[in-house]
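If you want the building blocks of each chain, they are given just below.
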Amino acid sequence: MSNQILQAEANIECDKCKVKLTLGSVKLDYLGSSFPVELYKCSQCGLVYVPEALATGKMKQVEEALEDK
Ligand SMILES: [Zn+2]
């Protein structure tokens with residue numbers, strides 16, 4: 001599921017820098033926990049693109065990371 005989200009959004013650009021976001025490990029704070037996830041981010045300003053599914057807590061990757069704790 002999460003792979004589909006990432007593939008669909010593989011061509012996002014940073015609004016500020018106009019460069020393509022690249023996939024990388026990002027530390028995410030979610031529900032009081034902090035853990036690394038693979039997200040698209042801007043290599044210039046560090047902006048992280050948070051997919052809507054993740055923002056609304058429906059990303060499978062997040063649920064799995066929380067369950068691992
Ligand atoms: Zn940027």
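Given the structure is predicted, the values throughout are model-derived calculations rather than measurements.

Chemist: Explanation requested: the nonpolar core in the structure shown.
Modeler: General note: in soluble globular proteins, nonpolar side chains tend to be found buried as a group. Within the largest apolar cluster, seven residues are counted, these being Val26, Leu28, Tyr30, Phe35, Val37, Leu39 and Leu54. Sorting the residues of this core by element identifies strand 1 (22–30) and strand 2 (33–41) as the ones contributing at least two each. Listed in part, the five residues of the second largest apolar core include Ile12, Cys14, Leu21 and Tyr40.

Chemist: It is not clear to me how the pairing of strand 2 should be interpreted in this structure. Could you clarify?
Modeler: Consecutive residues of a regular strand have side chains that alternate between opposite faces of the sheet. In this structure, strand 1 lies alongside strand 2, joined through nine bridges in antiparallel fashion. Opposite Leu23, over in strand 2, you have Tyr40 as the bridge partner. Hairpin geometry of strand 1 and strand 2 is characterised by an intervening segment of two residues between the two adjacent antiparallel strands and by a positive phi of about 50° at Leu31. Both strand 2 and strand 3 (residues 48–49) contribute to a ladder of two bridges, which runs antiparallel.

Chemist: Just checking my understanding: could you explain the environment of Pro36 for this structure?
Modeler: Mapped onto the fold, Pro36 is located in strand 2. The exposed category is assigned to Pro36, whose relative accessible area is 54%. In the structure, Pro36 is positioned 12 residues away from Gly24 in sequence and 9.5 Å away in space, judged by C-alpha atoms. Discounting residues that sit within four places of it in the chain, Pro36 has contacts with Ser25, Val26 and Lys27.

Chemist: Would you take a moment to explain the coordination of the zinc ion for this structure?
Modeler: Geometry reference: four tetrahedral donors at a metal, ideal angle 109.5 degrees. Six octahedral donors, ideal angles 90 or 180 degrees. Coordination of the zinc ion by the protein comes from Cys14 (SG), Cys17 (SG), Cys42 (SG) and Cys45 (SG), over a distance range of 2.3 to 2.4 Å. In this structure, the zinc ion is surrounded by four donor atoms whose angles at the metal cover 107 to 114°, and the resulting shape is tetrahedral. Binding-site remark: the zinc ion is held by donors from one chain whose sequence spacing is C-x2-C-x24-C-x2-C. Within this pair, whereas Cys17 is found in the loop between helix 1 (2–8) and strand 1, its partner Cys45 is found in the loop between strand 2 and strand 3, the two being separated by 28 residues in sequence.

The rules behind these values
- Residues numbered from 1 in each chain as written.
- Predicted model: local features only at pLDDT ≥ 70, side-chain atom pairs only at ≥ 80, totals over all residues.
- Heavy atoms only, no water.
- Core = buried A, V, L, I, M, F, W, Y, C linked by side-chain atoms within 4.5 Å.
- Buried < 20%, exposed > 50% of the residue type's maximum accessible area, 1.4 Å probe, protein only.
- Helix = DSSP H or I, 4+ residues; strand = E, 2+ residues; numbered from the N terminus.
- Pairing = 2+ DSSP bridges.
- Contact = heavy atoms within 4.5 Å.
- Donors = N, O, S within 2.8 Å, 3.2 Å for Na, K, Ca; no water.
- Tetrahedral: all angles 85-135°; square planar, octahedral: opposite > 155°, others 65-115°.

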